[in-house]
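# A structural walkthrough
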Amino acid sequence: MSSMTRWLDVEVGTDDVELNTLPGNLSLVDLHNDNEYRLLLGDLGRGEEGPRLRIFQGVRQVSDMILPDLPLAVVSLYTNESQPMSLPIIAVAFSSCIYIYRNMKLFYKYYLPSVELSTNETEIWKQLIDPVNQNPVTVSTYTESLRSIPEKILSLQSRNLLSMTVDQQLEYLEHVSSLPVMDLPDITCVTSMKMNSVDRYGAGCLIVGTEEGDVIVLESQTFAPLSQAKLCVVRKTPYQMVATGLFNVDYRLTVATREKSVCLLKREWSEGRVLFSTPEHIIAIEVMPADNSVLVICADNTLACYSKKGKKQWSLNLEHRPVSMTLVPVSHLGLTLAAVALASGHVHLYDGKARRDTIFVRDVASVMKFGQLGQEEHVFIIVTARRRTSTLTAWVVESSAPTFGHKPWLIPKKSKLFLEQSVRERENAVGMHVLFQQELTRLRLMAAKTLCEAHLKSDNSVGAGALEPVRLAAEVEGLGPVFRVTLSVENTCADKAVVGLAVLFHAHTANYKVSQPYIKVPLLAPNSKLRFPTKVEEVFDAELNPDIFFRSVTGQGGERALVKVLLLKEGRRGPVLAATIQMPPTDPMMLPYDKIQATADFGS
Amino acid sequence: MGLLDKVSSWLGNRPRVTAPVLVLGLDRAGKTSLLHALRPPDPTAQGAQQGAPQGVAPQMEHFQSGGVAFSAWDVSGAARARALWERHYRRAHALIFVVDAADHLRLVVAREELELVLAHPDMSARRVPLLVLANKSDVPGALPPDQLAGALGLARVVDRPWHVAAASARSGAGLADGIAWLARQVRDMHTPPKIQH
């Protein structure tokens, strides 16, 4: 197994690059549109060091930027498709707002829309903060009515109050003097999706999942919500989102929730639905781009694959607790692997159910990312957790590695049509064979008949045997009724001359009159050509059919207009070769005057 | 420059040995730029400097140093074109391997590719001198030649003469020294029969 792929290990930095990050905080961005991908990493910081956004070029950190709060996600996207290409913007999500950086400078702050409190709750609180009502009996009646309000629309203040004992409530209420304000909803995850095209520079939109279970799609230029949907009927908190498809065409948003289920949200749905539920908590999901099947690693040490309809397809038991997962698309081999990091320090690469490769990274790989970094297209970045300090390890896959091992052939799935056909073939094998043999015999017979006919009629236009290099060609000039037919006889042989050839015109005397129907061809030297112009006149009956005026001039004169030219050789019975000339019809305007007169009589 | 080189340059600029040299390296390492810097200044070809051709077809360049006329094959280093390198091994009398000394990430890839080149039957059987040009050595963060030699695992190359020269295609620094070394090696290898007579 280990000989299948070769990963080249690069330990980043001689001094420890101390990182504290989350899977969503890694992004590979072509920051300056120079095809030099940089790694953007939202660092949560530790101790007195605050959160920072760190930028790595290759293995070196080139810059970092102080962030105002703990970053939740780092996402890059293009805002428009105009030329010249604008630089990508970087969106960094914090607790309830998103900072947009353009050219690495803060450009816009987006706050999630706040939620109104229910009037019922405000009424109760107005009573509660009144000192007159602050005795155990009235407070308990008010808390009872607060309890009747569904918990998911209650403010944090009310929820806190309800969790207290009566004494605590009284003490708390003495200090509270203001009505509860609904705090801004918290962002839990952010991802991006292309709007119109899968092109690398295609404009994208931001997708934001909130603590309340809302999914908001934001336009990238004005940051106006394009659509907003509830994740599910019951309250579910999104935890990881994977978007596939295009916003303006069709898309699927696969969302892992903290409530042990995966939800699906599609275009123009105002409410998502639960795709499937898992027995244990979900650690990470990934969606295979080929068939939209969902890979899930769960806290019960399993890696499972569900179809896009939510049907469980297979499940694997892992030896250790899975920590993270990422997709590894290997484009030059045409397959997408799933990398699963285990708590034992191994990273397994799965192609479907089959394990293709294992990397041992000595530490727990807490965050993984695969993509282009710098100039190298296939870089596998692994952030390991080592006693609270993390180091960044990049694994470069040998992209020109010619052998990926003896992996099975990629055979496409058998289609229904193919299966039906194969069943038919198995059932009626004898009948099909007999029918095929019959048709084959019939074809052979027809070919033989045609050959025989050509031989009998001397219709062959190419000579056979010793006279093969002799060619005969004819061209017709004139408008009629007198045509000039120029025959050219050519000897293409390089070293032999031909003697005793003759040309014979074979035409029906009722139709054509040939001035010289028999021409003797003199000696034909090697590689020479002789031309014989001959007059051929179309013959008209005494009684001319007036249809003759309506023959098309450019078309062919039909069956009667065929003139056969035979090339004869002295001492041979059959002709050497034959050519058929299709004579053009005579131009009606060129008919002799008396014939025209004759047609006039015909009508009367 | 050794005494011999000087003598040869006094004796006139006529090279006695011609050597086909193969220029290899990853994409964007600076092979074409280096060769442009090596080429004798040509007043007619002013505009040819900018925009190195990214084609797969190998480009031919001619230059001379220390009595050796080199005809250099500039082969594409893109990942999918690397499989074509081996087609040129047989006719190469010298090998220039260009490395981007500032690209630490891809040093491992360069090392891997160099090992593949040297292990190829057409290469391993002959004592083809290897010159590693550490390009972009003027960029901050670039590895010095000794560290680069370590990173490329050159210590394990014992069957052929090799040399690492820090160079810069942009300023042209270090190029002449590296090529002079290569010319000396080629001359030693091909001690012309005329002199022995």
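Structural notes, computed from the coordinates. In this text, all values refer to a predicted model and were calculated from it rather than measured experimentally.

Our focus in this paragraph is helix α4 (residues 166-175) of chain A. All names here are of chain A. All of the buried residues in α4 are Gln169, Leu170 and Leu173. Looking straight down α4, one finds its buried side chains confined to an arc of 100°; they lie on one side. Opposite the buried face of α4, at more than 90 degrees from it, the exposed residues are Asp167, Glu174 and His175. On its buried face, α4 sits against α1 (119-128), α2 (136-148) and α3 (156-162).

All right, on to the sheet that holds strand β29 (residues 470-477) of chain A then. Residue and element names in this part refer to chain A. Taken in spatial order, the four strands line up as β29-β30-β34-β32 in an open sheet, and their pairing is antiparallel. On the outer flanks of this sheet lie β29 and β32 (512-514), each paired with one strand and no other. Recorded for the sheet is a direction-independent mean angle of 30° between the axes of neighbouring strands. In this structure, strand β30 (residues 482-491) lies alongside strand β34 (residues 528-538), joined through 10 bridges in antiparallel fashion.

Close approach of charged atoms allows side chains with opposite charge to pair. All names here are of chain A. Considering all chains together, one arrives at 24 salt bridges over all chains under this definition. We note a salt bridge from arginine 258 to glutamate 211, for which the minimum N-O separation is 3.0 Å. Taken together, the residues arginine 258 in the loop between β15 (250-257) and β16 (261-266) and glutamate 211 in the loop between β11 (204-210) and β12 (214-219) connect sequence positions 47 residues apart. A salt bridge links glutamate 477 to arginine 484; the nearest nitrogen and oxygen atoms lie 2.9 Å apart. Residue class for glutamate 477 comes out partly exposed when judged on its relative accessible area of 31%.

All names here are of chain A. A positive phi is found at asparagine 35, a non-glycine position, where the angle reads about 60°. When its relative accessible area of 31% is taken as the criterion, asparagine 35 is described as partly exposed. Phi at glutamate 268 takes a positive value of approximately 65°, unusual for a residue other than glycine. Looking at where glutamate 268 falls in the secondary structure, it is placed in the loop between β16 and β17 (273-277).

Let us now look at the nonpolar core. In terms of nonpolar packing, the biggest core is built from 49 residues, with B:Leu24, B:Leu95, B:Phe97, B:Val132, B:Leu148 and B:Leu154 touching the most fellow members. For this core, the leading source of residues is helix α3 (residues 107-119) of chain B, giving seven residues. Ignoring anything within four residues of it in the chain, the contact list for B:Leu154 reads B:Leu114, B:Leu130, B:Val132, B:Ala149, B:Trp162 and B:Val164. One finds A:Leu472, A:Val489, A:Leu567 and A:Leu577 within the second-largest nonpolar core, a separate group that totals 27 residues.

A few words now on the packing of aromatic side chains. Each pair of aromatic rings is reported with the distance of its centres and the angle of its planes. Taken as a whole, this structure holds seven aromatic pairs over all chains when the rule is applied. Both rings, one in A:Phe94 and one in A:Tyr99, keep their centres 4.9 Å apart while their planes meet at 80°; by these two values the pair is edge-to-face. Aromatic side chains A:Phe370 and A:Phe380 sit 5.9 Å apart centroid to centroid with 70° between the ring planes, which places their arrangement in the edge-to-face category. In this pair, A:Phe370 sits in strand β26 (residues 364-373) while A:Phe380 sits in strand β27 (residues 376-386), placing the two residues 10 residues apart along the sequence. In terms of burial, A:Phe370 and A:Phe380 fall into one category: buried. Positioned above the aromatic ring of A:Phe107 is the side chain of A:Arg102, whose terminal nitrogen or guanidinium carbon lies 4.4 Å from the ring centre. Over the aromatic face of B:Trp73 sits the side chain of B:Arg91, whose NZ or CZ is 4.6 Å from the ring centroid.

With that settled, consider the interface of chain A and chain B. When the parts of a complex come together, some accessible area is lost, and that lost area is often taken as the interface size. Facing 18 residues of chain A, the contacting portion of chain B comprises 14 residues. Here chain A and chain B share an interface that buries about 1400 Å² over both sides, 56% of which is from carbon and sulfur atoms. Summed over the three residues of chain A that lose the most area to chain B, namely A:Leu8, A:Arg60 and A:Gln375, the buried surface amounts to 35% of that side. At the boundary of chain A with chain B, the tally comes to zero salt bridges. At the boundary of chain A with chain B, the tally comes to zero residue pairs in polar contact (both at pLDDT 80 or more). Within the residue set of the side of chain A that touches chain B, elements represented by two or more residues are β1 (7-11), β27 and β28 (389-397) of chain A. By residue number, the principal contributor to the side of chain A that touches chain B is β1(A), which donates three residues. Across the side of chain A that touches chain B, the residue classes break down as seven nonpolar, four polar and seven charged.

Residue and element names in this part refer to chain A. If you walk across this open sheet you meet the four strands as β10-β11-β12-β13, and the pairing is antiparallel. The open sheet has two edge strands, β10 (187-194) and β13 (225-230), and neither has a second partner. For this sheet, the mean angle separating the axes of adjacent strands, direction not counted, is 20°. Where β10 and β11 come together, seven bridges link them in antiparallel fashion.

Time to look at α1(A). Residues and elements named next belong to chain A. The complete set of buried residues in α1 reads Glu121, Thr122, Ile124, Trp125 and Leu128. Each buried residue of α1 lies within a common arc of 160° when the element is viewed along its axis, so the set occupies one face. Elements that come into contact with the buried residues of α1 comprise α2, α3 and α4.

Calculation criteria
Residues numbered from 1 in each chain as written. Chains lettered and ligands numbered in written order. Predicted model: local features only at pLDDT ≥ 70, side-chain atom pairs only at ≥ 80, totals over all residues. Heavy atoms only, no water. Buried < 20%, exposed > 50% of the residue type's maximum accessible area, 1.4 Å probe, protein only. Helix = DSSP H or I, 4+ residues; strand = E, 2+ residues; numbered from the N terminus. Arc of directions from axis to C-beta. Contact = heavy atoms within 4.5 Å. Pairing = 2+ DSSP bridges. Axes fitted to C-alpha atoms, helices over the stretch in contact; angles between N-to-C directions. Salt bridge = Lys/Arg side-chain N within 4 Å of Asp/Glu carboxyl O. Core = buried A, V, L, I, M, F, W, Y, C linked by side-chain atoms within 4.5 Å. Phe/Tyr/Trp six-rings, centres within 6.5 Å; stacked < 30°, edge-to-face > 60°. Lys NZ or Arg CZ within 6 Å of the ring centre and 35° of its normal. Buried area = accessible area lost by both parts, 1.4 Å probe. Polar contact = N/O pair within 3.5 Å; in protein donor to acceptor, adjacent residues only side chain to side chain. Nonpolar A, V, L, I, M, F, W, Y, C, P; charged D, E, K, R; others polar.

Purely geometric numbers; function is a separate question.
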